[in-house]
Every structure is written in structure tokens, then in C-alpha cells.
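# Geometric and topological summary
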Amino acid sequence: MNHRLLFLGPPGAGKGTQAQRLSEHHQLLHLSTGDLLRAEVKAASDLGKQVEAVMARGELVSDALVLAIVGERLKTHAKGWLLDGFPRNLAQAEALDDLLGGLEQPLQRVLLMELDDETLVSRLLNRGRTDDTEEVIRHRLNVYREQTAPLIQHYEALRLLSRVPSHGSVEEVAREVEMVLGSPS
Ligand code: B4P
């Protein structure tokens, strides 16, 4: 199985859920920029104070901050990793390509988790995080369409993208993920 992976998809598609599961099964480093940023907010660090309001509005945190967080962690893990929620725009994707080129660890597969908007909204309302109000969720979906969705073409052009239908139960989607990873890209 490829062991340098990226999960892409709209908020609530289940990237975090599946990434956690897969990284445990295959002993990969699970790198979730959302979790790392929330940990900074919780710790009330300088960085956390800078990003708290941005996240509460459903906007993207600045590229420089996110890149600093990711760059440090990837350097210390040469074995295998799974990126979840990063990159989220073309600038981050290009910076990631440079970073991985420098480390001689190119990305091997991008899994695009696809789900309709109404199911996304209802899953997130159920999750109930502080940034999971209907207004903020709808804004995050717009941010996804404008800034993150262009990455689909970026990774398609690099022949790295595979699509994962994500409307089933957690177990059903996990089977889809394993199936996609077992097939050639
Ligand atoms: P993230 O933490 O990445 O979260 P997400 O996109 O909202 O959710 P995800 O797709 O991981 O869904 P999950 O598995 O939790 O981003 C939050 C914020 O952080 C962003 O808005 C931004 O401000 C900031 N940020 C993060 N990365 C950034 C970056 N690179 N650059 C700039 N800013 C960044 O699933 C959602 C819910 O559905 C859960 O409750 C789960 O239990 C449920 N669920 C999952 N799979 C299911 C299934 N199959 N059936 C039913 N329910 C399911």
C-alpha cells in the first residue's frame, strides 16, 4: 500500500474519521492541521490566540502558520504519513510539493472524499463543535469550493487523485478507502 497519502474533501466528508482509522491500521503518522490548530487554541498559545477567531468564522488560517506547523512534523517522520485537511489551497499545495521534493518523499496518492452538501451539513450539526453552526458550516463550504476544490484538478493533472464515495456508514466508507488503496492509481 502507498504510505504517503493525502485526504481531500469538503468539511464533514469524514476526512478526520477515516484518516484516524487508516493511520492506526497501517501505523502512519496522522497529520491533521485542524486538530493541531485546535490544540494550539486550547493551550492558549500565541499561535492559538492568532487563529481562534479565524477558525470560529470558518475562514482559512494563514498559509505561513499552517506551513510552519506541517513542515516541522514531516521532517521528523520519514516512514509514512497521512495528511488530513492540508493543503487547503493552491499556495499550500505548491509549498507542499516543494517541501516533499526537498525531502525526497513525494506524495503517492490523494483520496478525494465526496458527499452531497445536505449530508455534510447534517453530519457537522450533529458533531456540534464550536465552529459547527449552520451559518459557519455554509461559509466553510463556500471557502472549500472557492479555495480548496481547485486542488482536485491539480492532483488529477499529477495523476494522483482517486475518488471515494463517502455517503455510507463509517465502516462502509472505510471499506471504500481500503478498496481504492488496493487498486492501481
Ligand atoms: P478540519 O479540522 O480539517 O475539519 P473538517 O473539514 O470540518 O472535518 P472532516 O472532513 O475532517 O470531518 P470529520 O471526520 O470530523 O478544519 C477545521 C478548521 O480548521 C477550518 O475551517 C480552518 O479554519 C482550519 N484549518 C484546518 N486546516 C487548515 C489549513 N490547511 N489551512 C488553513 N486553515 C485550516 O467528520 C464530521 C462528522 O461526521 C463527525 O461528527 C463524524 O463522526 C461524522 N462522520 C464521519 N464519517 C461519517 C459517516 N460515514 N457516517 C456518518 N457520520 C460520519
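So, here is what we can say about the structure in this document. (Residues numbered from 1 in each chain as written. Predicted model: local features only at pLDDT ≥ 70, side-chain atom pairs only at ≥ 80, totals over all residues. Heavy atoms only, no water.)

Quick look at helix 6 (residues 117–127) now. Among the residues making up helix 6, those that are buried are Leu120, Val121 and Leu124. Down the axis of helix 6, the buried set is contained in an arc of 95°. They therefore lie on one face. Structurally, helix 6 contributes buried residues whose contacts are with helix 7 (134–148). Count one or two residues on from helix 6 and you reach Gly128, which has phi positive near 75°. (Buried < 20%, exposed > 50% of the residue type's maximum accessible area, 1.4 Å probe, protein only. Helix = DSSP H or I, 4+ residues; strand = E, 2+ residues; numbered from the N terminus. Arc of directions from axis to C-beta. Contact = heavy atoms within 4.5 Å.)

If you walk through the whole model with that rule in mind, you get 11 salt bridges. With a shortest N-O distance of 2.8 Å, Asp35 and Arg38 are connected by a salt bridge. A residue pair is termed a helical-turn pair when its members lie 3 or 4 positions apart in one helix, as Asp35 and Arg38 do in helix 2 (residues 33–42) at 3 residues. Residue class for Arg38 comes out partly exposed when judged on its relative accessible area of 28%. Between Arg163 and Glu114 there is a salt bridge; the shortest N-O distance is 2.7 Å. Placement of the pair is Arg163 in strand 5 (residues 161–165) and Glu114 in strand 4 (residues 109–114), with a sequence separation of 49 residues. For Arg163, a relative accessible area of 39% gives the class partly exposed. In this structure, a network of salt bridges that share partners links the residues Arg127, Arg129, Asp131, Asp132 and Arg140. (Salt bridge = Lys/Arg side-chain N within 4 Å of Asp/Glu carboxyl O.)

Spatial strand order, 2-3-1-4-5: 5 strands in an open sheet with parallel pairing. Strands with a single pairing partner mark the edges of an open sheet, and in this sheet they are strand 2 (29–32) and strand 5. The sheet shows a mean angle of 20° between the axes of neighbouring strands, direction not considered. Pairing between strand 1 (residues 4–8) and strand 3 (residues 81–84): 4 bridges, direction parallel. Residue pairing for strand 3: Leu5 is matched across the bridge by Leu82. (Pairing = 2+ DSSP bridges. Axes fitted to C-alpha atoms, helices over the stretch in contact; angles between N-to-C directions.)

This brings us to the site of the ligand. Around the ligand there are 30 residues in total, and Thr17, Thr33, Glu59, Arg127 and Arg140 lie nearest to it. One of the side-chain N or O atoms of Arg38 is found 2.9 Å from an oxygen atom in the ligand. Considering the ligand on its own, with 1000 Å² of exposed area, one finds that the protein chains cover 86% of that surface. Of all the elements in the fold, those that place two or more residues in the shell around the ligand are helix 1 (15–26), helix 2, helix 6 and helix 9 (170–182). In terms of residue count, helix 2 provides more of the shell around the ligand than any other element does, 4 residues in total. (Near = heavy atom within 4 Å. Polar contact = N/O pair within 3.5 Å; in protein donor to acceptor, adjacent residues only side chain to side chain. Areas by Shrake-Rupley, 256 points an atom, 1.4 Å probe, with all protein chains shown as cover.)

These figures come from the coordinates and say nothing about function on their own.
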